[in-house]
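# Secondary and tertiary structure notes
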Amino acid sequence: MHALVADHSGELLGLAHFIFHRSTISIAPTCYLQDLFTLESARSKGVGRALIEQVYQHARQAGSSRVYWHTHESNKTAMKLYDKVAEKSGFVVYRKLL
């Protein structure tokens, strides 16, 4: 697990957690952006974009060929940013809680 934070004058504005894992479709490790959070007061100010760009940089350095993440369909504010920095995969996630 890796973590990044965004701060301004000692105030935490946001964070990102990401992991690298193997895949059956790629020799290179894949990067999963597990958590991305910014304070509401920091939204639409470039904090989320900067954190995502830093994850991209770490993934490149690790030799990853892609970064991916999930978000809830109701997360419209975040999706406006995501549509600018990545492409939708078209996949739908299914799960079964045990």
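Residues numbered from 1 in each chain as written. Predicted model: local features only at pLDDT ≥ 70, side-chain atom pairs only at ≥ 80, totals over all residues. Heavy atoms only, no water.

Further remarks concern the pairing of strand 2 (residues 11-23). Sheet topology note: the strand 1 (residues 2-8)/strand 2 ladder contains seven bridges and is antiparallel. Pairing of Ala3 across the sheet is with His17, part of strand 2. Connecting strand 1 to the next strand, strand 2, in antiparallel fashion are two residues, including Ser9 with a positive phi near 55°. Taken together, the nine bridges between strand 2 and strand 3 (residues 26-38) define a ladder with antiparallel strand orientation. (Pairing = 2+ DSSP bridges. Helix = DSSP H or I, 4+ residues; strand = E, 2+ residues; numbered from the N terminus.)

Here we take up helix 2 (residues 76-85). Listing the buried residues of helix 2 in full gives Ala78, Met79, Tyr82 and Val85. Looking straight down helix 2, one finds that the buried residues subtend no more than 125° of arc, so they occupy a single side. Away from its buried face by more than 90 degrees, helix 2 exposes Lys76, Thr77, Lys80 and Lys84. The secondary structure elements touched by the buried residues of helix 2 are strand 3 and helix 1 (47-61). (Buried < 20%, exposed > 50% of the residue type's maximum accessible area, 1.4 Å probe, protein only. Arc of directions from axis to C-beta. Contact = heavy atoms within 4.5 Å.)

Computed from the structure, the largest pocket encloses a volume of approximately 1200 Å³. Together, 27 residues line the largest pocket, and Trp69, His70, Thr71, Ser89 and Phe91 are the ones closest to its centre. Those elements that provide at least two residues to the lining of the largest pocket are helix 1, strand 4 (67-68) and helix 2. For the lining of the largest pocket, the element with the most residues is helix 2, which contributes four residues. (1 Å grid on protein atoms, 1.4 Å probe; cavity = no way out; pocket = protein on both sides within 12 Å on 5 of 7 lines; lining within 4 Å. Points joined across faces, edges and corners; volume = space filled by probe spheres on them.)

Look at Ser9: it is not a glycine, yet its phi comes out positive at around 55°. Examined against the element boundaries, Ser9 turns out to sit in the loop between strand 1 and strand 2. In this structure Ser9 comes out as exposed when scored by relative accessible area, which is 72%. Positive phi, normally seen in glycine, also occurs at Ser44, with a value near 65°. Looking at the secondary structure, you find Ser44 in the loop between strand 3 and helix 1.

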